[in-house]
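Results of the structural survey
Residues per chain, in single letters:
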Amino acid sequence: SQKIEQNSEALNIQEGKTATLTCNYTNYSPAYLQWYRQDPGRGPVFLLLIRENEKEKRKERLKVTFDTTLKQSLFHITASQPADSATYLCALVDSGYALNFGKGTSLLVTP
Amino acid sequence: DGGITQSPKYLFRKEGQNVTLSCEQNLNHDAMYWYRQDPGQGLRLIYYSQIVNDFQKGDIAEGYSVSREKKESFPLTVTSAQKNPTAFYLCASGTRKGDTQYFGPGTRLTVL
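Position numbers for residues count from 1 along each chain, tracking the sequence in the order it is written. Each chain takes a letter, starting from A, and each ligand takes a number, starting from 1, following the order in which they are written. Side-chain atom pairs in this predicted model are given and counted only at pLDDT of 80 or more, local residue features only at pLDDT of at least 70, and totals for whole chains, interfaces and linings cover all residues. Working from all heavy atoms in the structure, the side-chain values ignore hydrogens and water.

1. Brief notes about the pattern of salt bridges
Whenever Lys or Arg places a side-chain nitrogen within 4 Å of a carboxyl oxygen from Asp or Glu, that contact is recorded as a salt bridge. Applying the stated criterion across every chain, the model contains seven salt bridges over all chains. One salt bridge connects Arg 61 of chain A with Asp 84 of chain A, and the closest N-O pair in it is separated by 2.9 Å. Placement of the pair is Arg 61 of chain A in the loop between β6 (56-59) and β7 (62-67) and Asp 84 of chain A in the loop between β8 (72-77) and β9 (86-93), with a sequence separation of 23 residues. The exposure class of Arg 61 of chain A is partly exposed, given its relative accessible area of 25%. Linked through salt bridges whose partners overlap, the residues forming this network are Arg 36, Asp 38 and Arg 44 of chain B. Numbering of helices and strands runs from the N terminus; a helix is a DSSP stretch of H or I covering at least four residues, while a strand is a stretch of E covering at least two. Note on classification: 1.4 Å probe, protein chains only; a residue is buried when its accessible area is under 20% of the maximum for its type, exposed when over 50%, partly exposed between these limits.

Right, here's the structure in full:
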């Protein structure tokens, strides 16, 4: 069966450091992968999309990598700030073109 | 303002009652979706629609119903047949199935 796995344990880091979140998947052959941010009690917000032929994508302090051999995406936030504290979700399209979401990893950035 | 809206933000329902959650978008998106999120869980797809007057069941459609009479609107009815309806419900829209999705603020439903 198709699976998307994100670290269930919360990630706690100090302000200014780089946060790295992991998304692993099985039984998908995705053409692209997406990352979303969700704050408590709110809907997810789209951050970045990376295609299978792109190794890396950047947007301001965000960087996403996509390794289709390892079946893994890494999401980096450089120079992290307390305002970056949220849950981050990765999402993949399945064979039926539905978007499936991982359970997310909670990030806490402390001053 | 362009966007996707859901109402109400909080909803309380007695057991045995049907309740309808509203979702409206003015982004001119063809595709619309309903998800359910339980504490500590990911998003689970309830129903989706790619065009007006057409919709398909997602992974957990039992006890729910939808309609898509207008492009802008995709209401979700939680029926009394849904055994455990207390959850956070999220509506989303996108240009087409599988593409980037834009989410509403959510409706938190509590069954008393």
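Now that the structure has been shown, the text picks up again.
2. Some remarks on the state of the cysteines
Simply put, the disulfide is a covalent bond whose two ends are the sulfur atoms of two cysteines. Residues and elements named next belong to chain A. Defined by distance alone, a disulfide is two cysteine sulfur atoms within 2.5 Å. Tallying each qualifying case throughout the model produces two disulfides over all chains. Covalent S-S linkage joins Cys 23 and Cys 90, the inter-sulfur distance amounting to 2.0 Å. Given an S-S torsion of about 60 degrees, the disulfide between Cys 23 and Cys 90 has right-handed geometry. In this pair, Cys 23 is assigned in strand β3 (residues 19-26) and Cys 90 in strand β9, connecting sequence segments 67 residues apart. Here Cys 90 falls in the buried class, since its relative accessible area comes to 0%.

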